[in-house]
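Examination of the molecular architecture
Chain residues, written in single-letter form:
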Amino acid sequence: MYIRRESELIWIHVVTFFCLCDWTASQLSYSISEEVNKGTVVGNIAKDLNVNLQELVARDLRIVSSYSKKYFDVNLRTGNIFVDERIDREELCPNVEKCLLKIQAVLNNPMTAHRVEINVLDVNDNPPAFIENTYFLNISESSLMGERYFLPIAVDADIGGNSVKTYKLSQNEHFSLDVQSGGEHGVSAELVLQKALDREKQSVIKLVLTAVDGGKPPRTGSLQLIVNIIDVNDNIPTFSKSLYKVRVKENASPGSLIIKLNATDADEGMNSKILYSFLRRGNVDPSSIFDLNSETGEITVKGTLDYEETPAYEVRVQAMDQGTVPRSAHAKLLIEIIDVNDNAPEILVTSLMTPVKEDAELGTIVAFLTVSDTDGGNNGVVNCKVEGSVPFKLKSNYKNDYSLVVDGPLDRENTSLYNVTITAADEGIPPLSSTRVITVHVSDVNDNAPRFMEPVIKMYVKENSPTGSIIYTINASDPDLDSNAKMTYRLLDNSQKNIPISSIVNINSETGDIISLQAFNFEELKTFQFKVQATDSGVPPLSSNVTVNVFILDENDNSPTVLSPYSEHGSVNSESIPYSAEAGYFVAKIRAVDADSGYNALLSYHLSEPKGNNLFRIGTSTGEIRTKRRMSDNDLKTHPLVVLVSDNGEPSLSATVSIDVVVVESTADIQTQFRHVPTKDDGFSDLNLYLLIGIVSVSVIFLLSLITLIAVKCHRTDNNFSRYSAPMITTHPDGSWSYSKATQQYDVCFSSDTLKSDVVVFPAPFPPADAELISINGGDPYTMTQTLPNKEKVSYTL
């Protein structure tokens, strides 16, 4: 047996066979009836092709076709073609006179194909059938004899002699059947009235129509005919009125009864039964608004009534009886709509002039509005007003036209946007109202000058800061917008000690950064003042000024300086002491000053002796050199000492001085550059008295000088920085005072360790921010104070 192929590939195989085979012109034809049993032999293809059975097997005879089913197959042992599937001619060849099935018989080695046509013969296996089982005819009792009525035809799936050949009608006294042959179009039949109808005797006539085909034996199909005898309608309906008028409120709910129509008909039965309907005229369809009960004639509300859209409806109604030939009558219905207050006023903004400048004058028009109400009468009378407290009001132009105008001052910085609520209310009962919110933007005008956070700015700058560094950033604010708030900064022309301020600092016009143009020296310039002006970009521009006070903070950039009579390191100074000097004997006093200020000028003294020599000590704050013990025979006659003077700055700076202390046998041999009194004396000598008088005199002279300086300073006027020029005194941990003016400071040092205390006045810098200051003239000095380590805060008032 050959291998079965898929039906979709059959035609491909057939075409391939035609291309590859040695085509022969032989063609076989067979005939077979439809609906034969499977296995029925159609013919012997081996005999017809003159091929013996052994060759048939060797060459693998196959049957191929293009049909979805394999209707035929071949028996290779006998060479017979037999039916392999049920064959339904009506399915394969509907409405075709001759049904031919075309297949191919294919042999291999060499490959040859033979065309086989099998004619499928029709058998009478389908009876005639009507589409409907029952067919109704309505015939008036007034119909005339001889009138014809077309009847449905029957359909037979068979063809030729097995199709429909004639029709038959059941016996009756009123109708006959006229059968007509249409040739290729088949047979049709018409019902012919032979006798007048009388509905009162027989209202319904039932007949049977039978279709007969030409098969042997013939098959039939039947259709029941029901003939309804229709009564003659000779009366028309009549309305009670030719014109109906009715009124209804526009808010009537759906289903509300408007009117009930009444029409009558003198006929009986269906000829007297009346159905009501609307007549549509033009584009108006009353059935979309109103509902009409076709049997009772009641008209009710169906849609939404709107007086403002249609104040009245003119409706045509029809009353039609149910006769076989219906007869009708018409009437006019006028429906008047009564207005109710069902429409709220409508606010329409026809023009909006926004934004409005904040300096707009009173009466400036902001918007035009139109208010409307589609209701009538008082229901359409509208009153408008502005709600809330806003700087706007409504001004009536003409009837329902209004203008929204400015009615108060505007300030964008306080309120940049107004939501103006307008209410419109009609005079209906109850009144209806609506609101409209109009957003009014307020535009900016340049009405605000730049503002600084404080009128005076204090700025602290370290001395020796690099040139070009940003020492401060000025910030000003402007509540205006955009260009009105865009600011530029500049320095106002000013001089500080005859030096133009523009040579000291500069300012970035956009950022406000203040940039130093030089390195500051606290010892030369302790403070200066200038003004900065901020100007916006409005038209016209507005500006404001701020005063900037700059305080130079001291840095430890000056080393201590040793005062006369001693010289600094590089030269040797000498002092003599007696061999009999007791412990604590005063040898010398080193005095030094520092041009810096505060801790940077707070000096300490340290002593360096040769190794193994521990004879002298020095006061760390006073600079006094004294003996620690009595002399011994083992001590050297000359003691080289090195005194280191250091300040307390960060980092610390220092200076040194060398002193050779020579031991002599007696006090008469002592020759010093500055005569000192030993701390311990057995008696109060004349020298002590003279020295005490000298000290008191110098102290009185110094105090008088100090008071004079203060008085002069109090009367001096400094236009640039007078409030910061008060004299000041700084207390130091060693008990010394520092006196300071705006341009110069003096240190007053009192020694508490000896009766030979000296008063030394020397220049000192401006006190630092952390110094303890004392006001002398009652002014407003630099007010920050500092409590030095391990010392109590001491306040002195002169």
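What counts, and at which threshold
- Residues numbered from 1 in each chain as written.
- Predicted model: local features only at pLDDT ≥ 70, side-chain atom pairs only at ≥ 80, totals over all residues.
- Heavy atoms only, no water.
- Helix = DSSP H or I, 4+ residues; strand = E, 2+ residues; numbered from the N terminus.
- Contact = heavy atoms within 4.5 Å.
- Areas by Shrake-Rupley, 256 points an atom, 1.4 Å probe, with all protein chains shown as cover.
- Pairing = 2+ DSSP bridges.
- Axes fitted to C-alpha atoms, helices over the stretch in contact; angles between N-to-C directions.
- Buried < 20%, exposed > 50% of the residue type's maximum accessible area, 1.4 Å probe, protein only.
- Lys, Arg positive; Asp, Glu negative; His and termini not counted.
- Salt bridge = Lys/Arg side-chain N within 4 Å of Asp/Glu carboxyl O.
- Polar contact = N/O pair within 3.5 Å; in protein donor to acceptor, adjacent residues only side chain to side chain.
- Disulfide = S-S within 2.5 Å.
- pLDDT = per-residue confidence, 0-100.
- Patch = residues over 30% accessible without salt bridge, like charges linked within 9 Å, V, L, I, M, F, W, Y side chains within 5 Å.
- Phe/Tyr/Trp six-rings, centres within 6.5 Å; stacked < 30°, edge-to-face > 60°.
- Lys NZ or Arg CZ within 6 Å of the ring centre and 35° of its normal.

Points about the overall build of the chain
When helices and strands are counted, the chain shows five helices and 56 strands. Once local pairs closer than 6 in sequence are excluded, the contacts in the chain between residues at least 24 apart make up 65%. Here the chain has roughly 42,600 Å² of accessible surface; of this, 51% comes from carbon and sulfur atoms.

As for the sheet that holds strand β11 (residues 175-181)
Ordered by their spatial adjacency, three strands build an open sheet running β9-β12-β11, and the pairing between neighbours is antiparallel. Looking at which strands have only one partner, the edges of the open sheet turn out to be β9 (148-150) and β11. On average, each strand axis in the sheet is tilted by 30° relative to the strand beside it, whichever way the strands run. Pairing between β9 and strand β12 (residues 187-193): three bridges, direction antiparallel.

A word on the side chain of Asp373
Within the secondary structure, Asp373 is located in the loop between β26 (365-372) and β27 (382-386). Salt bridges are absent for the buried Asp373, whose nearest opposite-charge side chain, Arg436, sits at 15 Å. Within the structure, Asp373 has its side chain in polar contact with the backbone nitrogen of Asp375 (distance 3.0 Å). The residues contacting Asp373, other than those within four sequence positions of it, are Asn343, Ala344, Pro345, Asn379, Gly380, Val382 and Asp426.

A short note on the pattern of salt bridges
In the structure shown here, the tally under the stated rule is 18 salt bridges. For Glu117, the salt bridge goes to Arg115, with nearest N and O atoms at 3.2 Å. Judged by its relative accessible area of 25%, Arg115 falls in the partly exposed class. One network of salt bridges, in which partners are shared, links Arg148, Asp178 and Glu190.

Details of the sheet that holds strand β17 (residues 257-260)
Strand order in the open sheet formed by three strands is β17-β21-β20, with antiparallel pairing between adjacent strands. The sheet is open, and its two borders are formed by β17 and β20 (290-292), each paired with just one other strand. Neighbour-to-neighbour, the strand axes of the sheet open up by a mean angle of 20°, direction not taken into account. Here β20 pairs with strand β21 (residues 298-301) via three bridges, running antiparallel. The residue bridging Leu292 from the neighbouring strand is Ile299, located in β21.

Some words on the state of the cysteines
Covalently bonding the sulfur atom of one cysteine to the sulfur atom of another cysteine gives a disulfide. On inspection of all chains with the given rule, the structure shows one disulfide. With a sulfur-sulfur separation of 2.0 Å, Cys93 is cross-linked through a disulfide to Cys99. Note on the Cys93 and Cys99 pair: the S-S dihedral is about 55°, so by sign convention the disulfide is right-handed. Taking the relative accessible area as the measure of exposure, Cys99 reaches 0% and is therefore buried.

Some remarks on the confidence of the model for the chain
Per-residue confidence for the chain averages 79 on the pLDDT scale, and 82% of its residues sit at or above 70. Considering only residues more than four positions removed or in separate chains, one finds that residues 1-25, a stretch of pLDDT under 50, has 36 contacts. The low-confidence segment residues 672-683, where pLDDT is below 50, has 26 contacts with residues more than four positions distant or belonging to other chains.

So, the environment of Phe452
With respect to the helices and strands, the residue Phe452 is situated in strand β32 (residues 451-452). Since its relative accessible area comes to 16%, Phe452 is described here as buried. Counting along the chain gives 82 residues from Phe452 to Ala534, while the straight-line C-alpha distance between them is 8.7 Å. Those residues in contact with Phe452, other than ones at most four positions away along the chain, are Ile474, Asn475, Ala476, Tyr489, Val532, Ala534, Ser544, Asn545 and Val546.

Some words on a nonpolar patch on the surface
Together, Leu692, Val696, Val700 and Leu704 line one region of the surface with nonpolar side chains, adding up to about 350 Å² of accessible area. Mapping Leu692 onto the fold places it in helix α5 (residues 686-715).

Side note on the side chain of Asp339
The residue Asp339 is located in the loop between β23 (328-338) and β24 (346-352) in this model. This buried residue, Asp339, is left without a salt bridge; Arg247 holds the nearest opposite charge, at 10 Å. In this structure the side chain of Asp339 is engaged in a polar contact, spanning 3.1 Å, whose partner is the backbone nitrogen of Gly376. Side-chain polar atoms of Asp339 contact the side chain of Asn379, separated by 3.4 Å.

Some remarks on the pairing of β12
The buried count for β12 comes to six of seven residues, which makes it a mostly enclosed element. Where β11 lies against β12, seven bridges are found, and the strand directions are antiparallel. Its bridge partner being in β12, Gln180 is matched across the sheet by Ser188.

Comments concerning the packing of aromatic side chains
Evaluation of the coordinates by the stated rule reveals eight aromatic pairs. Ring geometry for Tyr460 versus Phe551: centroids 5.3 Å apart, planes at 20°, classification stacked. Within this pair, whereas Tyr460 is found in strand β33 (residues 456-462), its partner Phe551 is found in strand β42 (residues 543-553), the two being separated by 91 residues in sequence. Here Phe551 falls in the buried class, since its relative accessible area comes to 4%. Connected via pairs of aromatic rings, a cluster forms that spans Phe520, Phe528 and Phe530. If you follow Lys526 out to its NZ or CZ, it ends over the ring of Phe522, 5.2 Å from the centre.

What about unusual backbone geometry?
Outside of glycine, negative phi angles account for most residues, and trans bonds account for most peptide bonds. Cis geometry is adopted by the peptide bond preceding Pro355, which originates at Thr354 and carries an omega value of 5°. Locating Pro355 in the fold gives a position in the loop between β24 and β25 (356-357). Going from Ser564 to Pro565, the amide bond is cis rather than trans, its omega being 20°. Relative to the elements of secondary structure, Pro565 occurs in the loop between β43 (561-562) and β44 (572-578). Despite not being glycine, Asn109 shows a phi value in the positive range, around 55°. Along the polypeptide, Asn109 turns up in the loop between β6 (99-107) and β7 (112-121). At Asn464, a position not held by glycine, the phi torsion is positive, near 70°. In this fold, Asn464 is placed in the loop between β33 and β34 (470-473).

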